[in-house]
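An overview of the molecular structure
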Amino acid sequence: MSEKILVTYATKYGSTQGVAKAIADELQSKGFLIDFYPAREVKSLSGYDAVVLGSPLYIGSFLSDASRFLSRFKSDLERIPCALFVLGPLEKNPRDMVEVQVQLDNIMNRISWFKPMIVEIFTGAMDIEKFRFPDSLLKIMPVGKDNPLFKTYDGRDWEAIRAWADSLPKIFEKQPV
Ligand SMILES: Cc1cc2nc3c(=O)[nH]c(=O)nc-3n(C[C@H](O)[C@H](O)[C@H](O)COP(=O)(O)O)c2cc1C
């Protein structure tokens, strides 16, 4: 049984932080000791029995805080059970999910040493009024303005997120494949 779990995340506009917090709270409510930090603030993985890492997808990549976390702690993460979640699609329609799965497969192929015990795609959220430069250009440039993907929405499925968090302790008990 994993006792002390690090829940860590990268985020640009906060929606991934919200999902990570819900996962942390759910695990804490089950009696696990939880540390909850942004990925760039994590100094060491010593003492953790498991790690949950979350990143949004931006143009087919993880945010750099998540990528850096993976390279900084590569040797620990080859040993400690890890669960990975990504945020991205607006909704779980089959076309978007296939596209996002391809993006995720491409990323995972580039970091083939990293073998999380579970990988999940959650629907994300976007508030175009909060966009900072250069994303703010999407509000005025045709590539963003006329694109149905760039609109204010919150597609986070809290029930699915909590159910996933509940499934983690059992998954962490298994041996890595
Ligand atoms: C400029 C931009 C590019 C994005 N690129 C992708 C992408 O390639 N794949 C995807 O699934 N989602 C993409 N998204 C959606 C985000 O991943 C989603 O809004 C996520 O919830 C944002 O997380 P954050 O609020 O933690 O930064 C993009 C969003 C923006 C604004």
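A quick note: this is a predicted structure, and the numbers were derived from the prediction, not measured.

When you go through the chain residue by residue, the secondary structure sums to 6 helices and 8 strands. In the chain, the succession of helices and strands from N to C terminus is β-α-β-β-β-α-α-β-α-β-β-α-β-α. Relative to the compact-globule value of 16 Å for 177 residues, the chain shows a C-alpha radius of gyration of 16 Å, a close match. Projected onto its principal axes, the C-alpha coordinates of the chain cover approximately 50 × 30 × 30 Å. For the chain, the residues scored as buried account for 46% of the 177 residues in total. Considering only intrachain contacts with a sequence separation of at least 6, the fraction spanning at least 24 residues in the chain is 81%. By element, 54% of the accessible surface of the chain is carried by carbon and sulfur atoms, the whole surface being about 9600 Å². Put simply, the chain has 23 plus and 23 minus side-chain charges, and the middle of one group is 4 Å from the middle of the other.

This part covers the side chain of Thr16. Checked against the element boundaries, Thr16 lands in helix H1 (residues 15–29). Setting aside anything within four residues of it in sequence, one finds Thr16 in contact with Tyr9, Ala10, Thr11, Gly54, Ser55, Pro56, Phe85 and Leu87.

What follows is about the UniProt feature "domain: Flavodoxin-like" (unreviewed entry) in the chain. UniProt marks residues 5–169 with the feature "domain: Flavodoxin-like" (unreviewed entry), using the numbering shown here. Between the C-alpha atoms that bound residues 5–169 there is a distance of 10 Å. The span itself is 37% helix and 22% strand.

With 28 residues, the main nonpolar core has Leu45, Val51, Phe62, Phe69 and Leu77 as its most contacted residues. At the level of secondary structure, the elements contributing two or more residues to this core comprise strand S3 (50–58), helix H2 (64–72), strand S5 (82–87) and helix H4 (94–110). A per-element tally of this core places H4 first, with 5 residues. Beyond its immediate stretch of four places on either side in the chain, Leu45 contacts Leu6, Val51, Phe69, Phe73, Asp76, Leu77 and Ile80. Grouped together as the second largest cluster of nonpolar side chains are 24 residues, Ile5, Ala22, Ala24 and Leu168 included.

On to the pattern of salt bridges, then. Two side chains that carry opposite charge are able to pair once their charged atoms sit near each other. This structure, assessed with the given rule, holds 13 salt bridges. Across the pair Lys4 and Asp35 runs a salt bridge whose closest N-O atoms are separated by 3.9 Å. You can see Lys4 sitting in strand S1 (residues 4–9) and its partner Asp35 sitting in strand S2 (residues 33–38), a full 31 residues away along the chain. Close ionic contact of Arg68 with Asp65 constitutes a salt bridge, the shortest N to O distance being 3.7 Å. Taken together, the residues Arg68 and Asp65, both in helix H2 and 3 residues apart, mark about one turn of the helix. What you see here is one network of salt bridges that share partners, running through Glu26, Lys30 and Asp166.

Here we take up the site of the ligand. What surrounds the ligand is a group of 24 residues, the closest being Thr11, Ser15, Thr16, Leu57 and Tyr58. Contact between the ligand and Thr11: an oxygen atom at 2.5 Å from a side-chain N or O atom of the residue. Contact between the ligand and Ala125: an oxygen atom at 2.7 Å from a main-chain N or O atom of the residue. Taking 650 Å² as the accessible area of the ligand by itself, protein coverage stands at 91%. Of all the secondary-structure elements, those providing two or more residues to the shell around the ligand are H1, S3, H4 and strand S7 (125–126). When residues in the shell around the ligand are grouped by element, the largest group, 3 residues, is from S3.

Rules used in this analysis
- Residues numbered from 1 in each chain as written.
- Predicted model: local features only at pLDDT ≥ 70, side-chain atom pairs only at ≥ 80, totals over all residues.
- Heavy atoms only, no water.
- Helix = DSSP H or I, 4+ residues; strand = E, 2+ residues; numbered from the N terminus.
- Rg over C-alpha atoms; globule rule 2.2 N^0.38 Å.
- Buried < 20%, exposed > 50% of the residue type's maximum accessible area, 1.4 Å probe, protein only.
- Contact = heavy atoms within 4.5 Å.
- Areas by Shrake-Rupley, 256 points an atom, 1.4 Å probe, with all protein chains shown as cover.
- Lys, Arg positive; Asp, Glu negative; His and termini not counted.
- Charge placed at Lys NZ, Arg CZ, Asp CG, Glu CD.
- UniProt positions renumbered as here; feature names shortened; annotations may be inferred.
- Core = buried A, V, L, I, M, F, W, Y, C linked by side-chain atoms within 4.5 Å.
- Salt bridge = Lys/Arg side-chain N within 4 Å of Asp/Glu carboxyl O.
- Near = heavy atom within 4 Å.
- Polar contact = N/O pair within 3.5 Å; in protein donor to acceptor, adjacent residues only side chain to side chain.

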